[in-house]
Amino acid sequence: MKNGFVIAIDGPAGAGKSTIARKAAAALGFAYIDTGAMYRSVTWKLLQTGQPFSPELAGRLAREIRISFRPEGSLNCVFVDGTEVTEAIRSAAVTGLVSRVAAVPAVREAMVAQQRRMGREGDVILDGRDIGTVVFPDSPCKIYLTASVEERARRRGKELEAKGQAVDYDKLQADIVSRDKQDMERETSPLKQAEDAVYLDTSHMSIDEVVGAILKLAAERRLRA
Ligand code: CDP
C-alpha cells in the first residue's frame, strides 16, 4: 500500500506548532496528529494514578494508554481511554512534568509506534519535537518552526489570559526555557532541526502568513514527491 504524504513540523515550546498544523491540515484536507498531546496524555494518566513519577510507571502507562483525536471546529479534542482530556492535559501540573515523561525511552517507543501507525493511514501533518528526525525521517516536507523566546511566552500568555487565567510572564518564559533545555538535552530523540527541514522563524509573522508558507512548501514538495 502506498503511504500518504507526511508533513513534519518540529520546534520548541510555544512556537505555535499546533495552531499552524491544525489550520494547514484543515486547508489541505489532511489528518492532524498533535504528538505533544500524546506525551501530555501519558503524563495526565500518570498524575491520575496518584503515584510519584518513575520511568517504569510512565513506560507501563504509555504501553497501555489508548489515545484518540477528534477535530471539533477550532478544537482538536483529545481522548484518553474514552475520557475527554482536551483541557486537562494543558494544566500546569501536566506541563511541569511532561518533559520528564517524554524523556523515558519506553514512553517514546510506545508513542512513536502509534504515530507511525496513524501516519501510514493517509495524508497527515504531525507536529512535535522528533517528527522529522526520528518518527518520519523520510518525510519530503519538514519544517522547523520557531520564534524568539519572548514572543513564544507572549503568545502562550495571551492564550492563557483568553482562558481567564492570571499570567506571570517572567515565570512563563522561565518555564519555556527550562522545558526547551530538557527537550534539547535529553538522550533519546532530543529536539533538533532535521538537516533537510526548512527553518521558519515566525517571530514577526502572522498565523495566516505561516500557514501560507507551509501550504506553498507542501505544494512544491508534493509535485516533486
Ligand atoms: O504546545 P507546547 O509547545 O507547550 O508543547 P507540546 O507540543 O504540547 O509538547 C509537550 C511536551 O511533550 C514537550 O515539551 C516535549 O517534552 C514532549 N514532546 C516530545 O518529547 N516529542 C514530541 N514529538 C512531542 C512532544
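Structure first, text after, so check above.
Residues numbered from 1 in each chain as written. Predicted model: local features only at pLDDT ≥ 70, side-chain atom pairs only at ≥ 80, totals over all residues. Heavy atoms only, no water.

**Some remarks on the environment of S139**
In step 1: For S139, the location among the structural elements is in the loop between α6 (131–135) and β7 (141–146).
In step 2: With a relative accessible area of 7%, S139 lands in the buried category.
In step 3: Sequence separation of S139 and A13 is 126 residues, and the distance between their C-alpha atoms is 22 Å.
In step 4: Residue contacts for S139: discarding those within four places in its chain leaves V6, I7, A8 and D196.
In step 5: At a separation of 3.1 Å, a polar atom in the side chain of S139 contacts the main-chain amide nitrogen of C141. (Helix = DSSP H or I, 4+ residues; strand = E, 2+ residues; numbered from the N terminus. Buried < 20%, exposed > 50% of the residue type's maximum accessible area, 1.4 Å probe, protein only. Contact = heavy atoms within 4.5 Å. Polar contact = N/O pair within 3.5 Å; in protein donor to acceptor, adjacent residues only side chain to side chain.)

**Some points on the packing of aromatic side chains**
In step 1: This model, assessed by the stated rule, comprises two aromatic pairs.
In step 2: Centroid distance Y144 to Y199: 6.1 Å. Interplanar angle 15 degrees. Geometry classified as stacked. You can see Y144 sitting in strand β7 and its partner Y199 sitting in strand β8 (residues 198–201), a full 55 residues away along the chain.
In step 3: Using a relative accessible area of 9% as the deciding quantity, one classes Y144 as buried.
In step 4: Over the ring of F5 we find R222; its NZ or CZ atom is 5.6 Å from the centre of that ring. (Phe/Tyr/Trp six-rings, centres within 6.5 Å; stacked < 30°, edge-to-face > 60°. Lys NZ or Arg CZ within 6 Å of the ring centre and 35° of its normal.)

**Observations regarding the sheet that holds strand β5 (residues 83–84)**
What links the strands of a sheet is backbone hydrogen bonding, and the strands pair in either a parallel or an antiparallel sense.
In step 1: The three strands lie next to each other as β3-β4-β5, forming an open sheet whose pairing is antiparallel. Two strands in the sheet have a free side with no partner beyond their single neighbour: β3 (67–72) and β5.
In step 2: Both strand β4 (residues 75–80) and β5 contribute to a ladder of two bridges, which runs antiparallel. When the sheet's bridge partners are listed, F79 is paired in β5 with E84. (Pairing = 2+ DSSP bridges.)

**Topic: the sheet that holds strand β1 (residues 6–10)**
In step 1: Pairing within the open sheet is parallel, and its five strands lie in the order β2-β6-β1-β7-β8. Of all the strands in the sheet, just β2 (31–34) and β8 have a single pairing partner and so form its edges. Going from strand to strand, the sheet's axes swing by 20 degrees on average, the running direction of each strand aside.
In step 2: Here five bridges tie β1 to strand β6 (residues 124–128), and the two strands are oriented parallel to one another. Directly across from I7, in β6, lies its bridge partner I125.
In step 3: Packed onto the sheet, helix α9 (residues 207–224) meets β1, β7 and β8 and runs at close to 160 degrees relative to β7. (Axes fitted to C-alpha atoms, helices over the stretch in contact; angles between N-to-C directions.)

**Quick look at the pattern of salt bridges**
Here the idea is simple: oppositely charged side chains can pair when their charged atoms come close.
In step 1: Following the criterion strictly, the structure yields 17 salt bridges and no others.
In step 2: Across the pair E72 and R70 runs a salt bridge, and its minimum N-O distance is 3.2 Å.
In step 3: With a relative accessible area of 44%, R70 lands in the partly exposed category.
In step 4: The closest approach of N and O atoms between D183 and R186, which form a salt bridge, is 3.6 Å. Like D183, the residue R186 is buried in the burial classification.
In step 5: Through salt bridges that share partners, R129, D183 and R186 make up one connected network. (Salt bridge = Lys/Arg side-chain N within 4 Å of Asp/Glu carboxyl O.)

**Brief notes about the site of the ligand**
In step 1: The full set close to the ligand counts 19 residues, and G14, R40, R108, R179 and D183 are the nearest of them.
In step 2: Separating an oxygen atom of the ligand from a backbone N or O atom of G14 is a distance of 2.8 Å.
In step 3: D130 places a side-chain nitrogen or oxygen 2.8 Å from a nitrogen atom of the ligand.
In step 4: When residues of the shell around the ligand are traced back to their parent elements, those giving at least two are α2 (35–49), α4 (92–102) and α8 (169–185).
In step 5: When residues in the shell around the ligand are grouped by element, the largest group, four residues, is from α2.
In step 6: For the shell around the ligand, the residue count by class is four nonpolar, five polar and ten charged. (Near = heavy atom within 4 Å. Nonpolar A, V, L, I, M, F, W, Y, C, P; charged D, E, K, R; others polar.)

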